[in-house]
Structure formats: C-alpha cells, structure tokens
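Okay, here's what each chain looks like letter by letter:
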Amino acid sequence: MILEDTHKPVSIQVGNITLHGNLAIPENATGIVIFSHGSGSSRLSPRNNYVARVLQQKGLATLLFDLLTEKEDNIYENRFDIDLLTERLIAVTNWIKNDAETKKFQTGYFGASTGAASALRAAAFFGKEISAVVSRGGRPDMAMNELHRVTAATLFIVGGWDDIVIQLNEKAYRKLTCERKLKIIPEASHLFEEPGKLEQVAHISAQWFTRCL
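Bear in mind the structure is a predicted one, so any value in this text is a computation, not a measurement.

Colleague: Summarise the pattern of salt bridges; cite the residues concerned and give the values.
Modeller: If you walk through the whole model with that rule in mind, you get 10 salt bridges. Note that R79 is salt-bridged to D73, the shortest N-O span being 3.1 Å. You can call R79 partly exposed: its relative accessible area is 24%.

Rendered as structure tokens:
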C-alpha cells in the first residue's frame, strides 16, 4: 500500500552541527511523534516513513530526523553510542517544544532497533512531558538502568521469529513501572519484512499513539 507523503524538510541546530529532518503536520493534528531510528537508518528509512504516513492519516504529526550527521554516521561506533543518540533526541525534543508550529502538541516517541533505547532514555529524562513510546523490534535492554523512570505509556512490538529480541524485550518489560504492553507479531522477523507485518506494526502503533496523545 502506498500512502501520500506530505512532509516538509527542516534543519535543526544542535550545538555546532545541523541535523536534517522531515516534519509533517496534518490538519487538526492531535499530537506529534518523533522517530528515533536504529543503527545506520535515517529520516529516509522506508519502514519508518511508512509508519509515519499511517500515523499522519490518523491525525498525528510526525518528525523523522537524522540523529547523526553524514560524517558522524561514517564512524560505525557512533551508531551504537546510545548516550550520543539520546542527547540528540533530547535536543530535538526541546526544539519541538519551542517551535511555534509544534509546541502545542503532546509528544510521543517511535523507536526502532537501537533507536528504541535512546527513545526510552529520553522519555525517562522528560518524565510526564512525553506521553507515549512505541518500540519496534527495539533494544530496550540498552536503556535498562533508566526504565524505572519512564512514565510514558510504553508499547513494545516484536516479531514472533525474533527470539533473542523477544527475550531482551521481556526482560526490559519487567523493569517498567508505567502503563505498558508487549505485543508479539506472529510469523514476523526482526525487520517485519514479511507481507502485511509492517502494516500491522503501523496500525497497532497508530492505535497506541492516538489513544495516548
């Protein structure tokens, strides 16, 4: 299924670097979801863009942005530097909270793979200012020491064939004290590449965010 893409490019200054993003604000939007991508992914991630378009159809604004500059992304270790990625996500969240177009919205995070760890750590940092988090095939175990501080309603989505990640999500799930849910998509792998599986992820995520935002 192809959904219309109606984003606009934005540039976000973080210290002495510029991060590039795509912001989409549907008419009568009720909240905004900031995407935190996994290692090696960017604002151009086809999977996250698909999910973003489904959220937009449900009346949610979305921001997909590059957590790393092109030069930084060339250094492989940066992709797994959760401290750095969390700092960037916090800075971009502050930008959203101060921008005239977006500061009125309740905010949520959609984190994929390692990006889920930075999303959860940023949610712990902001507390009640973040209303919802969704982790797709995420590594919440990489934020284990912060999970007890997360107050946002949190949904973990994992593929049924992604055995090791299921175990890691179950372990992290037990650390959460907020509203929480673990959803396992049957017959799906880590990237939800099987027919219809990413659509399930998108619609389950949309239901979670529309309720919480």
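Colleague: Talk me through the nonpolar core; I want residue IDs and the actual numbers.
Modeller: In terms of nonpolar packing, the biggest core is built from 41 residues, with L63, F65, Y109, V133 and V150 touching the most fellow members. Not counting the four nearest positions on each side in its chain, F65 is found in contact with L19, H20, G21, I34, F35, H37, R43, R88, L89 and V92. Counting residues in hydrophobic clusters, the runner-up holds 27 residues, among them A132, V134, A188 and I204.

Colleague: Before we move on, could you go through the side chain of S36 and cite the residues and values that matter?
Modeller: Considering the arrangement of structural elements, one finds S36 in strand 3 (residues 31–36). Within the local environment of S36, its side chain forms a polar contact with the side chain of S118, the two groups lying 2.7 Å apart. S36 has contacts with L67, L89, F110, G111, A112, G115, A116, S118 and A119, leaving out every residue within four places of it along the chain.

Colleague: Help me get a handle on the packing of aromatic side chains, residues and values and all.
Modeller: Evaluation of the coordinates by the stated rule reveals 4 aromatic pairs. With a centroid separation of 5.0 Å and 90° between ring planes, the pair formed by F125 and F126 is classed as edge-to-face. By relative accessible area, which is 8% here, F126 ends up buried. Note on F156 and Y173: the rings are 6.4 Å apart at their centroids and 65° apart in plane angle, and the pair reads as edge-to-face. Separated by 17 residues along the polypeptide, F156 in strand 7 (residues 153–159) and Y173 in helix 5 (residues 163–173) bring together distant segments of the chain. With a relative accessible area of 1%, F156 lands in the buried category. Judged by its relative accessible area of 22%, Y173 is partly exposed. Taking NZ or CZ as reference, K97 lies 5.9 Å from the ring centre of F126, over its face. Between the NZ or CZ atom of R180 and the centre of the ring of Y173, over which it lies, the distance is 4.3 Å.

Reading the values: the criteria
Residues numbered from 1 in each chain as written. Predicted model: local features only at pLDDT ≥ 70, side-chain atom pairs only at ≥ 80, totals over all residues. Heavy atoms only, no water. Salt bridge = Lys/Arg side-chain N within 4 Å of Asp/Glu carboxyl O. Buried < 20%, exposed > 50% of the residue type's maximum accessible area, 1.4 Å probe, protein only. Core = buried A, V, L, I, M, F, W, Y, C linked by side-chain atoms within 4.5 Å. Contact = heavy atoms within 4.5 Å. Helix = DSSP H or I, 4+ residues; strand = E, 2+ residues; numbered from the N terminus. Polar contact = N/O pair within 3.5 Å; in protein donor to acceptor, adjacent residues only side chain to side chain. Phe/Tyr/Trp six-rings, centres within 6.5 Å; stacked < 30°, edge-to-face > 60°. Lys NZ or Arg CZ within 6 Å of the ring centre and 35° of its normal.

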